[in-house]
Amino acid sequence: MKFFSKSILILLAAFVCLGWTESWETIKNNAGNISSIQADFIQEKHLKILRSPLLSRGVFVFQAPDSLRWQYVSPVQSLLLMHEGKTRQFIQHDNRLVEERSMGMDAMQVVSQEISRWLAGNFTDNPTFQARLKPGGLIVLTPKNQGLAQLISQIVLKLADEPGLMESVTIYEGSDSFTKLTFTNVVLNKKIPEITFTQQ
């Protein structure tokens, strides 16, 4: 009987968690409870010409409303900082990070600029992407602009079981290539020093 009761509680908890992905309203309401996120990530770059994906690892830090630190630590270091409307990018050169003044637009930069909107649960009023909510906590984003569509065909967000969080982001850059980011070791709502978003 005790085991049965515990099983029922586990099922109820799972049902409550899954319920947050059922509508745009519940997604936005749950996202509003998150003030900051820190996580590790693994990036898989899949290309048709490669037998196995290219793997990169890094650290992701976000603080509402729009501060972001996106740092790759291996195999090549790079860093993107966003804070108070300013974006800075650093790339590895001679074993140190050097600021890149002329940032070219690529798929990952598009994701970096959009991610604060996604983490706030703002999908339906997005001027850049058309969003569709699918069963199983999937959000499919399709570019509204034809120019952007040549860079990214679609982005698929997999929402995590824990309300307000994303489990993975998959960026499809064409018929034979995609990039998948999977987040682990997530820490929520911890106070983050401003310097995290302004300095290397």
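Sorry, what's going on with the nonpolar core here?
Within soluble globular proteins, side chains that are nonpolar generally end up buried alongside one another. Residues F60, W70, W118 and I155 are the most contacted members of the largest nonpolar core, which totals 37 residues. Looking at this core, the element that brings in the most residues is helix α3 (residues 107-119), giving seven residues. Not counting chain neighbours up to four residues away, the residues in contact with W118 comprise V111, F123, N126, L141, I155, L157, M166 and V169.

I keep staring at empty space enclosed by the protein and nothing clicks. Help me out?
Counted by the stated rule, this structure contains two cavities of 30 Å³ or more. One number sums up the size of the largest cavity: a volume of about 90 Å³. Considering the residues around the largest cavity, the lining is formed by I37, A39, F60, I115, L119, L165, M166, F183 and V186. When contributions to the lining of the largest cavity are tallied by element, the ones reaching two or more residues are β1 (36-47), α3 and β11 (177-188). For the lining of the largest cavity, the per-class residue count stands at nine nonpolar, no polar and no charged. When residues of the lining of the second largest cavity are traced back to their parent elements, those giving at least two are α2 (24-31) and α3. Among the residues forming the lining of the second largest cavity, the class breakdown is nine nonpolar, two polar and no charged.

Is there a simple way to explain the layout of surface pockets in this structure?
Empty space left among the atoms is revealed by rolling a probe the size of a water molecule over them. The volume enclosed by the largest pocket comes to roughly 300 Å³. Lining of the largest pocket is provided by 17 residues; of these, Y72, S78, Q89, D106 and M108 occupy positions nearest its centre. If you list the elements that add at least two residues to the lining of the largest pocket, you get β3 (67-74), β4 (78-83), β5 (86-93) and α3. Broken down by class, the residue content of the lining of the largest pocket amounts to nine nonpolar, seven polar and one charged. Size it by volume and the second largest pocket reaches roughly 150 Å³.

Any chance you could explain the sheet that holds strand β6 (residues 96-100) here in plain terms?
The strands making up a sheet are joined through hydrogen bonds of the backbone, oriented either antiparallel or parallel. Spatially, eleven strands are ordered β6-β5-β4-β3-β2-β1-β11-β10-β9-β8-β7 in an open sheet, and the strand pairing comes out antiparallel. Here the strands that pair on one side only, and so sit at the sheet edges, are β6 and β7 (129-134). Pairwise comparison of adjacent strand axes, ignoring direction, gives a mean angle of 20° for this sheet. Lying over the sheet, α3 contacts β1, β2 (54-63), β3, β4, β5, β7, β8 (138-143), β9 (154-159), β10 (166-174) and β11, oriented at roughly 145° with respect to β10.

Is there a simple way to explain a nonpolar patch on the surface in this structure?
On the surface, L47, I49, L50 and L54 cluster together into a nonpolar patch covering about 370 Å² of accessible area. Along the chain, the position of L47 falls in strand β1. Residue classification places L47 among the partly exposed positions, given a relative accessible area of 31%.

I'm lost on the side chain of T196 in this one. Help?
Within the fold, T196 resides in the segment after β11. Here T196 falls in the buried class, since its relative accessible area comes to 18%. Residues within four places of T196 in sequence aside, it is in contact with V61, R69 and L81.

I'm lost on the packing of aromatic side chains in this one. Help?
Here a ring pair, both rings aromatic, is described through the centre-centre distance and the interplanar angle of the planes. Applying the stated criterion across every chain yields a total of six aromatic pairs. Between the aromatic rings of F60 and W70, the centroid separation amounts to 5.4 Å while the plane-to-plane angle is 85°, which identifies the pairing as edge-to-face. Separated by ten residues along the polypeptide, F60 in strand β2 and W70 in strand β3 bring together distant segments of the chain. Each member of the pair, F60 as well as W70, is classed as buried. A centroid spacing of 5.5 Å and a plane angle of 35° characterise the contact between Y172 and F178, whose relative ring orientation is tilted. Residue class for Y172 comes out partly exposed when judged on its relative accessible area of 27%.

The rules behind the values
- Residues numbered from 1 in each chain as written.
- Predicted model: local features only at pLDDT ≥ 70, side-chain atom pairs only at ≥ 80, totals over all residues.
- Heavy atoms only, no water.
- Core = buried A, V, L, I, M, F, W, Y, C linked by side-chain atoms within 4.5 Å.
- Buried < 20%, exposed > 50% of the residue type's maximum accessible area, 1.4 Å probe, protein only.
- Helix = DSSP H or I, 4+ residues; strand = E, 2+ residues; numbered from the N terminus.
- Contact = heavy atoms within 4.5 Å.
- 1 Å grid on protein atoms, 1.4 Å probe; cavity = no way out; pocket = protein on both sides within 12 Å on 5 of 7 lines; lining within 4 Å.
- Points joined across faces, edges and corners; volume = space filled by probe spheres on them.
- Nonpolar A, V, L, I, M, F, W, Y, C, P; charged D, E, K, R; others polar.
- Pairing = 2+ DSSP bridges.
- Axes fitted to C-alpha atoms, helices over the stretch in contact; angles between N-to-C directions.
- Patch = residues over 30% accessible without salt bridge, like charges linked within 9 Å, V, L, I, M, F, W, Y side chains within 5 Å.
- Areas by Shrake-Rupley, 256 points an atom, 1.4 Å probe, with all protein chains shown as cover.
- Salt bridge = Lys/Arg side-chain N within 4 Å of Asp/Glu carboxyl O.
- Phe/Tyr/Trp six-rings, centres within 6.5 Å; stacked < 30°, edge-to-face > 60°.

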